[in-house]
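Remarks on the overall topology
The chain contents come next:
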Amino acid sequence: MRPGARRRPTRAAGGRIAPSPGLAAGLLLLATIGAGCRDRASGDGGPPAGPRPGPTARPSPGPRFVDRAPEFGLDVTTTSGSPEKGSILESLGVGVALLDFDGDDDPDLFVAPGSRVDGGRVEPSGGPWLFRNDGPGRWVDVSAPSGLAHRGWAQGVAVSDYDADGDPDLFVAQHGPDLLWENLGDGTFRDVTGPSGLGDEPYWGVAATWGDADGDGWPDLYVTNYVAVDPASPHPPVGHRGGPVPVFAGPESYPGEPDVLWRNRGDGTFEDATESAGLLKADRKGMGALFADLDADGDQDLFVTNDTQANEFFRNRGDGTFEEEGRLAGVALGDLGRAEGSMGIDLADLDLDGWLDLAYSNFYGEGSRVFISHGGRTFSDVSHPSTVTVATILRVGWGIVLADFDHDGLADLFQANGHVYPGLRSEPYDQPPVLLRNAGGRRFEDATASWISDPGGLSSGRSVAVGDLDGDGDLDLVMTTMDGPLRVLVNEGERSGRSLILRLVGAPPNLEALGAIAELRAGGTTHVATVRRGGSFMAASDSALHFGLGDADSLTSLRVRWPDGTTSDYPGEDLPVDSRITIRQGDPRVVSTPFEPAGRP
């Protein structure tokens, strides 16, 4: 996010690029704003689903996302401070997570709590919420018995089985001490922040990613921290772009804070390894982070998005230390050589060349970025020729997801959007999402209107998580909104291709197989994906790997490169398409379950 402060000759205060009148006119020719009204739904949770509506119209084969949160009893409203947004703290919203907390092989749903400032104190404003998935369209609110509670100004969510006991645990980044909730395996969680050693940092945590940074098998935790702001006493408002409209003081008005790498000791505790790993920088304004082996050398690299500062690409040296190569790799700055307001991040092999490419969302007037990997060492910015810039430059982008929604074998792009200033005339506050179809690897087509039902009614999105909620083999989306209702976007379109969902179970202590890379061959094409915990914005998506297969009715082979460097090969005849596959490291058996029939539950 790049809020404004003082007028400058070429940049609006707060670091934002100030478009000239000619540029602004050009941008209006490139893209249009579709500002829908925010739905002010209410409710603190949800009972099981009530009567189900009939199916929506499906204009053509392909994805069709419909918000089913109200029908599913997921009537959650997330609140972040006051509607007037008098502080930068109130602008980010709250995070969301998909996790199978009860071990029944379908993703359940966690939504971080809202907060407000009242009498100089941070107070709860609804939540947290935990919903158990009892099958397609059936959700049960189990928030109260779970033990989860409001403990401060919550932001992003990160999920991992950090203690290797077989069930996923919850980390919540917060303003002030962060939170770690241990999953006890009986439907309840315990606050272990203090005993774990994670409760000592006073920073404003925004997002986090889990990954094995030092190669010892245990998931480590990297937390992005933002700026030093007092919730009860933020800086006074400033004029937007130096004009008369008051807005909250932006990130350039505050000192940045250091991100933190927490090394997992393997005994339930963590130690601060930021400096020893070569990651310490005192004045950082972090927004997003993702561990992944981008150069395929067997260890986890780290990509970090920053606000008004250069983004960072930390290459893992293989000994638990990192070297920053963002500028060398070509992913640190925008195409004008300037730092931008970068937020969400995701990765996928967009052009099917076997290398993981990057995308991240940006502030208004900048456009989101798509980078094509060249062997994991350098990247090319294809945002303009791919048309991603055209579709996003008049948006403030947040959660971003690269996934194959139409099962043609190519990862598409979904992005949540919404401004941070509610009082501007020139830059709409309520901004709908965009959904871009991958039309060949390095070119995208805007499919928002055809793939999303009523996109204008889904405005002011923030955190986005992706996973197959109903077991039918296609991907669904969950999105939080700013001071608005939770959105559960179920893909109810007519399937136009085949798919496969792969869940890998690693050897202890890395039971989630974080960092494993799957290479799947089908129809003469090789599809590559990696198991990770992080990405989007303040979100935790399901860690299962989803592969769109086009019209391939069988697989040729699957190779898994496990985090410890070993490989396993599986013949295609053992891997039925349109199935959910589970593979355990060291076990030659493949467990497959056919997808649920498509259609409304």
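Residues numbered from 1 in each chain as written. Predicted model: local features only at pLDDT ≥ 70, side-chain atom pairs only at ≥ 80, totals over all residues. Heavy atoms only, no water.

Per an unreviewed UniProt entry, the protein goes by FG-GAP repeat protein and derives from Tautonia plasticadhaerens.

1. A short note on the sheet that holds strand S20 (residues 286-292)
Spatially, four strands are ordered S20-S21-S22-S23 in an open sheet, and the strand pairing comes out antiparallel. Edge positions in the open sheet fall to S20 and strand S23 (322-324), since each of these has one partner strand only. Ignoring strand direction, the axes of neighbouring strands in this sheet form an average angle of 20 degrees. Where strand S21 (residues 301-306) meets strand S22 (residues 312-316), three bridges bridge the pair, whose relative direction is antiparallel. Considered in S22, the bridge of Val304 is made with Glu312. (Pairing = 2+ DSSP bridges. Helix = DSSP H or I, 4+ residues; strand = E, 2+ residues; numbered from the N terminus. Axes fitted to C-alpha atoms, helices over the stretch in contact; angles between N-to-C directions.)

2. Quick notes on unusual backbone geometry
Omega for the bond connecting Gly127 with Pro128 falls within 30 degrees of zero, at 5 degrees, which places this linkage in the cis form. Position of Pro128 relative to the elements: it lies in the loop between strand S7 (121-124) and strand S8 (129-133). Of the consecutive residues Pro508 and Pro509, the connecting peptide bond is found in the cis state with omega at 5 degrees. Residue placement: Pro509 occurs in the loop between strand S36 (498-505) and strand S37 (517-522). The phi dihedral of Met538 is positive, around 60 degrees, even though this residue is not glycine. Unlike most non-glycine residues, Asp578 shows phi in positive territory, near 55 degrees.

3. Some details on empty space enclosed by the protein
Counting across every chain of the model gives five cavities of 30 Å³ or more. Considering only enclosed or pocket space, the largest cavity measures out at about 620 Å³ in volume. In terms of lining, the largest cavity is formed by 37 residues, of which the most central are Leu402, Ala403, Ala529, Arg532 and His546. Counting only elements with at least two residues in the lining of the largest cavity, the list comes to strand S24 (345-348), strand S28 (397-403), strand S32 (461-467), strand S38 (525-530) and strand S40 (545-550). (1 Å grid on protein atoms, 1.4 Å probe; cavity = no way out; pocket = protein on both sides within 12 Å on 5 of 7 lines; lining within 4 Å. Points joined across faces, edges and corners; volume = space filled by probe spheres on them.)

4. Digging into the pairing of S8
With four of five residues buried, S8 lies mostly within the body of the structure. Note that strand S5 (residues 108-111) and S8 share three bridges and pair antiparallel. By the bridge assignment for S8, Leu109 is matched with Phe131. Note that S8 and strand S9 (residues 139-141) share three bridges and pair antiparallel. Bridged to Asn133 within S9 is Trp139. Hairpin connection of S8 to S9: five residues between the antiparallel strands, including Gly135 at a positive phi of 115 degrees. (Buried < 20%, exposed > 50% of the residue type's maximum accessible area, 1.4 Å probe, protein only.)

5. Some remarks on the sheet that holds strand S39 (residues 539-540)
The strand order across the open sheet built from five strands is S9-S8-S5-S4-S39, with neighbouring strands paired in mixed fashion. Both outer strands of the open sheet, S9 and S39, are each paired with one neighbouring strand and no more. For strand S4 (residues 96-99) and S39, the ladder comprises two bridges, and the chain directions are parallel. Looking at S39, one finds that Val96 is bridged to Ala539.

6. Description of the side chain of Glu182
By secondary structure assignment, the location of Glu182 is in strand S12 (residues 179-183). Separated by 2.6 Å, the side chains of Glu182 and Arg190 make a polar contact. (Polar contact = N/O pair within 3.5 Å; in protein donor to acceptor, adjacent residues only side chain to side chain.)

7. Focus: the nonpolar core
Soluble globular proteins tend to pack their nonpolar side chains together in the buried interior. The biggest cluster of nonpolar side chains holds 38 residues, and the ones touching the most others in it are Phe171, Trp210, Leu502, Leu504, Phe547, Leu549 and Leu558. In terms of domain composition, this core takes at least three residues from each of domain 1 (65-498) and domain 2 (499-594). For Leu504, the contacting residues outside a window of four places in its chain are Leu511, Glu512, Ala513, Ala516, Val531, Val560, Trp562 and Ile583. Core analysis: the next-biggest nonpolar cluster, separate from the first, contains 36 residues, Val94, Phe101, Phe110 and Leu148 among them. (Core = buried A, V, L, I, M, F, W, Y, C linked by side-chain atoms within 4.5 Å. Domains from an automatic or database assignment. Contact = heavy atoms within 4.5 Å.)

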